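Residue strings, one per chain:
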Amino acid sequence: PAATPTPDARLGATESLARLEAVLASCPPTSRAVFEFVYAHPDVEYRTIAERFGLSHQRIKQIVCEVRARLRRALEEDQP
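Note that the structure is a prediction, hence the values are computed from the model and not measured.

A few points about the environment of Glu77
In step 1: Turning to its location among the elements, Glu77 is positioned in helix α4 (residues 57-78).
In step 2: By relative accessible area, Glu77 is classed as exposed at 52%.

Observations regarding helix α2 (residues 29-40)
In step 1: Between its terminal C-alpha atoms α2 stretches 16 Å, which fits the 16 Å expected from 12 residues at 1.5 Å a residue.
In step 2: Taken together, the buried positions of α2 are Ser31, Val34, Phe35, Phe37 and Val38. Seen from one end, α2 has its buried residues packed into an arc of 165 degrees, which puts them on one side. Counted as exposed and oriented over 90 degrees from the buried face of α2: Pro29 and Ala40.

What about the nonpolar core?
In step 1: Formed by 15 residues in total, the largest nonpolar core has its most connected members in Val38, Ile60 and Val67.
In step 2: Elements with a contribution of two residues or more to this core: α1 (7-26), α2, α3 (46-53) and α4.
In step 3: Looking at which element gives the most residues to this core, the answer is α4, with six residues.
In step 4: Among all residues touching Val38, those that are not within four sequence positions of it are Tyr46, Ile49, Ile60 and Val64.

Describing the pattern of salt bridges
In step 1: Per the counting criterion, the structure on display carries two salt bridges.
In step 2: For the salt bridge of Glu77 with Arg19, the shortest nitrogen-to-oxygen distance reads 2.0 Å. Placement of the pair is Glu77 in helix α4 and Arg19 in helix α1, with a sequence separation of 58 residues.
In step 3: Among the residues examined, Arg19 registers a relative accessible area of 32% and is labelled partly exposed.
In step 4: A salt bridge links Glu66 to Arg59, with the nearest nitrogen and oxygen atoms 3.6 Å apart.
In step 5: Owing to a relative accessible area of 35%, Glu66 belongs among the partly exposed residues under this scheme.

Reading the values: rules and limits
Residues numbered from 1 in each chain as written. Predicted model: local features only at pLDDT ≥ 70, side-chain atom pairs only at ≥ 80, totals over all residues. Heavy atoms only, no water. Helix = DSSP H or I, 4+ residues; strand = E, 2+ residues; numbered from the N terminus. Buried < 20%, exposed > 50% of the residue type's maximum accessible area, 1.4 Å probe, protein only. Expected span 1.5 Å × (residues − 1). Arc of directions from axis to C-beta. Core = buried A, V, L, I, M, F, W, Y, C linked by side-chain atoms within 4.5 Å. Contact = heavy atoms within 4.5 Å. Salt bridge = Lys/Arg side-chain N within 4 Å of Asp/Glu carboxyl O.

Dropping the structure here:
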């Protein structure tokens, strides 16, 4: 059986999740929508997503990379 997280660990996870949500909310609306769509539909090809959003395939890739980088930085800032 998996160990039950301590209250401190749960609080830290909750705070990290809240921070990630805030970072995602601070992204431009199109970037946020693209990122959320990509992660909600992992089997959809980027070319199809590009058509859906009226953007280039390369721009979709760039948006996903940019948002991931922002989220990664936020997580790194949370590390002691």
